[in-house]
Amino acid sequence: MPAAPKWHRLKAITVENRAPDDADTRRLLHRAGGDHAKAQRVVHHVMLHLPAMPPVQSTGYHLWIGDKRIPQYFEFPGGISFKMHDASDLAELYRQPIRFVSDRGEDLHTGASFPDLSRHLTRTVGQRWHKVYRR
């Protein structure tokens, strides 16, 4: 019987453009200097599909994409997700390796880099992009 895939080996990435909730709207308005006309009207939800969730233990795992630490991510059935409130912030992740780093310093590469979505993703609510790396 083949061994189960390691939890950190990325299976797929999905990016969905969603309408901002109330908290997102406040953040987007703040980023626009209080100018409603300049405030973004979309939030990019990034979902990393994993074969299993990170193990529960005394040390945590931090998500890094290139040299940018993703400070907050959330579990969903089948993986983890995080939000990007600005397309320029999302663009900084393009073509960067995705990895997890434990509090102990263990560096776990996912086997994937963040895709360049510049030709695929606009600022339109409802737009969705998905890429499968492994089944």
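Here the structure is a predicted model, which means the values were calculated and not measured.

Details of the confidence of the model for the protein
Then, number 1: When the pLDDT values of the protein are averaged, the result is 88; 94% of them are 70 or greater.
Then, number 2: Looking across the protein, the model is least confident in helix H1 (residues 22–31), with a mean pLDDT of 83, and most confident in strand E4 (residues 68–70), with 96.

Remarks on the pairing of strand E1 (residues 12–18)
Then, number 1: Counting buried positions along E1 yields six of seven residues, so the element is predominantly enclosed.
Then, number 2: Bridge analysis of E1 against strand E2 (residues 43–49) gives seven bridges, and the strand direction is antiparallel. By the bridge assignment for E2, Arg-18 is matched with Val-43.
Then, number 3: Pairing analysis gives five bridges linking E1 to strand E9 (residues 128–132), with the strands arranged antiparallel.

Section: the pattern of salt bridges
Then, number 1: Evaluated as defined, the whole model comprises seven salt bridges.
Then, number 2: Of the charged contacts in the structure, one is a salt bridge between Arg-18 and Glu-16, with a shortest N-O distance of 2.8 Å.
Then, number 3: Take Arg-18: its relative accessible area is 35%, and that puts it in the partly exposed class.
Then, number 4: One salt bridge in this structure joins Lys-83 and Asp-21, with 3.5 Å as the shortest N-O distance. Taken together, the residues Lys-83 in strand E6 (residues 79–84) and Asp-21 in the loop between E1 and H1 connect sequence positions 62 residues apart.
Then, number 5: Its relative accessible area of 37% is what places Asp-21 among the partly exposed residues.

Analysis parameters
Residues numbered from 1 in each chain as written. Predicted model: local features only at pLDDT ≥ 70, side-chain atom pairs only at ≥ 80, totals over all residues. Heavy atoms only, no water. pLDDT = per-residue confidence, 0-100. Helix = DSSP H or I, 4+ residues; strand = E, 2+ residues; numbered from the N terminus. Buried < 20%, exposed > 50% of the residue type's maximum accessible area, 1.4 Å probe, protein only. Pairing = 2+ DSSP bridges. Salt bridge = Lys/Arg side-chain N within 4 Å of Asp/Glu carboxyl O.

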